[in-house]
Amino acid sequence: MIPSCLCFSHGKVTLYCFVFKLFNESRDEEGFSANGSSDWKNAYRSIHSHEISAAHKNALISLSVRVKETGGVDYILAKQIYEE
Ligand SMILES: [Zn+2]
């Protein structure tokens, strides 16, 4: 199963973790985490390694905290529409 936090760059033909790209607070700047993955032969292994990494888990926690604090993007958009 493909994790929902992955996004694909058609220009670079590379998979990225958008959660990590947005909420990375660690110094983990190597491999899939920072540069994405275009190594299709080892894609499953690199994605799995990233998913179980502390850096990915910390990014997910940061996302969860942000969603809890703000109510999420849907809430913010609905509030803006209501206020207009
Ligand atoms: Zn990630």
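Quantities reported herein were computed from a predicted structural model and do not represent experimental measurements.

**Details of the overall build of the protein**
Each helix and strand counted, the protein has 5 helices and 2 strands in total. Moving toward the C terminus, one meets the helices and strands of the protein in the order β-β-α-α-α-α-α. Residues counted as buried form 17% of the 84 residues belonging to the protein. A sequence separation of at least 24 residues applies to 46% of the contacts in the protein between residues at least 6 apart.

**Some thoughts on the pairing of strand β1 (residues 6-9)**
Relative to strand β2 (residues 14-17), β1 is paired through 4 bridges, and the arrangement is antiparallel. For Phe8, the partnering residue across the bridge sits in β2 and is Leu15.

**A few points about the environment of Ser4**
Relative to the assigned elements, Ser4 resides in the segment before β1. For the pair formed by Ser4 and Cys17, sequence separation is 13 residues and the distance between their alpha carbons is 8.8 Å.

**What to know about the environment of Arg66**
Note on placement: Arg66 falls in helix α4 (residues 54-70). Judged by local crowding, Arg66 falls into the partly exposed class, with 14 C-beta atoms found within 10 Å. C-alpha separation for the pair Arg66 and Phe23, spaced 43 residues apart in sequence, amounts to 9.6 Å.

**So, α4**
Helix length check: α4, at 17 residues, gives a terminal C-alpha distance of 24 Å against a target of 24 Å (1.5 Å per residue), a fit within 8%. Inspection of α4 places Ala55, His56 and Ala59 among the buried residues, and these make up the whole buried set. For α4, the angular spread of buried residues about the axis comes to 100 degrees, placing them on one side. Exposed positions of α4 whose direction lies more than 90 degrees from the buried face are Ala54, Lys57, Ser64, Val65, Lys68 and Glu69. Immediately beyond the C-terminal end of α4, within one or two residues, lies Gly71, with a positive phi of roughly 85 degrees.

**Focus on the nonpolar core**
Grouped together as the largest cluster of nonpolar side chains are 8 residues: Leu15, Tyr16, Cys17, Val19, Phe20, Phe23, Ala55 and Ala59. At the level of secondary structure, the elements contributing two or more residues to this core comprise β2, α1 (18-23) and α4. Look past the residues within four positions of Leu15 in its chain and what remains in contact with it is Leu6, Phe8, Gly36, Ser37 and Ala43.

**Details of unusual backbone geometry**
Phi is positive for Val13, close to 50 degrees, though the residue is something other than glycine. Structurally, Val13 can be placed in the loop between β1 and β2. By C-beta crowding, Val13 is classed as exposed, having 10 other C-beta atoms within 10 Å.

Calculation criteria
- Residues numbered from 1 in each chain as written.
- Predicted model: local features only at pLDDT ≥ 70, side-chain atom pairs only at ≥ 80, totals over all residues.
- Helix = DSSP H or I, 4+ residues; strand = E, 2+ residues; numbered from the N terminus.
- Buried ≥ 20, exposed ≤ 12 C-beta atoms within 10 Å, placed from the backbone.
- Contact = placed C-beta atoms within 7 Å.
- Pairing = 2+ DSSP bridges.
- Expected span 1.5 Å × (residues − 1).
- Arc of directions from axis to C-beta.
- Core = buried A, V, L, I, M, F, W, Y, C linked by C-beta atoms within 7 Å.

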